[in-house]
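One-letter residues, chain by chain:
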Amino acid sequence: MRLAELSEHSGVSTATIKYYLREGLLPPGRQINATTAEYDEEHLRRLRLVRAMIQVGRVPVAKVREVLGHVDDDSLGRSIRLGAALWALPQVPEPDEDDEFVRAAHQEVTTLLDRLGWENVKQLTTNSPAYRSLVVAVAAFRRLGYDWGAEQLAPYAELMHRTAVLDLDNLETHPSEAERVEFAILGAILNEPLLRSLHRLAQEEESTRRYGFE
């Protein structure tokens, strides 16, 4: 398809597509002549991913380029490729390791991982943004006087593991490695808000079952 057709199918203006091409977020089309290039379904799929990252995920263009670099790096194994792409997404600030609540949170999260038997995750803690994010959240609870720790977190973690199994089962239905990594990126951007919404709806349902509408 030509640029105008790519714009029509994607709902993205030609000016924006040209900007994405200049920024390296889209691969060049197949050059037909000096002024015309042709694009295919791969460009359309990539364009939709870029738009989701920028518009829904509010990911800066420079970060999008970094994430897509990992998506396209077929020299990496699947776990490393997935992890590198997801870790390149914007993350919470680094925890203050001198903070007493952060130190306590580290201890509780380590106890949680031991309790769950998540040995692989324990090997990634120094690099994992998800681990750091959990430490920050637990520290914030403890700073406010709520002694949340391994005991309280374990049932939630077990539910999340079941969710992760579903995530990877769905991911493996996609035929190519690039599609699988792209699906994981979309999951981080779109599925997490979806799960948060389902969680809050479930809370609303359970609350009204227990306490009524008053």
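Note that this is a predicted model, so its numbers are computed, not measured. (Residues numbered from 1 in each chain as written. Predicted model: local features only at pLDDT ≥ 70, side-chain atom pairs only at ≥ 80, totals over all residues. Heavy atoms only, no water.)

Colleague: Explain the overall build of the protein chain to me, using residue names and the numbers behind them.
Modeller: Along the backbone of the protein chain there are ten helices and two strands. Reading the secondary structure of the protein chain in the N-to-C direction produces α-α-β-β-α-α-α-α-α-α-α-α. Within the protein chain, the fraction of its 214 residues that count as buried is 30%. Considering only contacts within the protein chain whose residues lie at least 6 apart along the sequence, 60% involve residues at least 24 apart. (Helix = DSSP H or I, 4+ residues; strand = E, 2+ residues; numbered from the N terminus. Buried < 20%, exposed > 50% of the residue type's maximum accessible area, 1.4 Å probe, protein only. Contact = heavy atoms within 4.5 Å.)

Colleague: Residues and numbers for the confidence of the model for the protein chain, please.
Modeller: Confidence in the prediction for the protein chain averages 86 pLDDT; 93% of positions are at 70 or higher. Mean pLDDT across the elements of the protein chain bottoms out in helix H5 (residues 78-87) (67) and peaks in helix H6 (residues 100-116) (94). (pLDDT = per-residue confidence, 0-100.)

Colleague: Hey, could you go over the pattern of salt bridges for me, with residue numbers and the actual values?
Modeller: Inspection of the entire model under this criterion finds nine salt bridges. A salt bridge links Asp99 to Arg143; its shortest N-O distance comes to 2.8 Å. Taken as a pair, Asp99 in the loop between H5 and H6 and Arg143 in helix H8 (residues 129-143) lie far apart in primary sequence, 44 residues in all. Salt-bridge contacts for Arg210 lead to Glu206; the nearest nitrogen and oxygen are separated by 2.7 Å. Here Arg210 and its partner Glu206 are both found in helix H10 (residues 177-211), four residues apart, which amounts to about one turn of the helix. By sharing partners, the salt bridges in this structure join Asp114, Glu119 and Lys122 into a single network. (Salt bridge = Lys/Arg side-chain N within 4 Å of Asp/Glu carboxyl O.)

Colleague: How would you explain the packing of aromatic side chains if you had to name every residue and give the values?
Modeller: Throughout the structure, instances matching the rule amount to four aromatic pairs. An angle of 15° between the planes, with centres 5.3 Å apart, marks the rings of Phe141 and Trp148 as stacked. The class for Trp148 is partly exposed, based on a relative accessible area of 26%. Members of the aromatic cluster, each reached through a chain of ring pairs, are Phe141, Tyr146, Trp148 and Tyr156. (Phe/Tyr/Trp six-rings, centres within 6.5 Å; stacked < 30°, edge-to-face > 60°.)

Colleague: So what about a negative patch on the surface? Which residues, and what values?
Modeller: A surface patch of negative charge is lined by Asp167, Asp169, Glu172 and Glu192. Looking at the element boundaries, Glu192 is found in helix H10. Note on Glu192: relative accessible area 49%, which makes it partly exposed. (Patch = residues over 30% accessible without salt bridge, like charges linked within 9 Å, V, L, I, M, F, W, Y side chains within 5 Å. Areas by Shrake-Rupley, 256 points an atom, 1.4 Å probe, with all protein chains shown as cover. Lys, Arg positive; Asp, Glu negative; His and termini not counted. Charge placed at Lys NZ, Arg CZ, Asp CG, Glu CD.)

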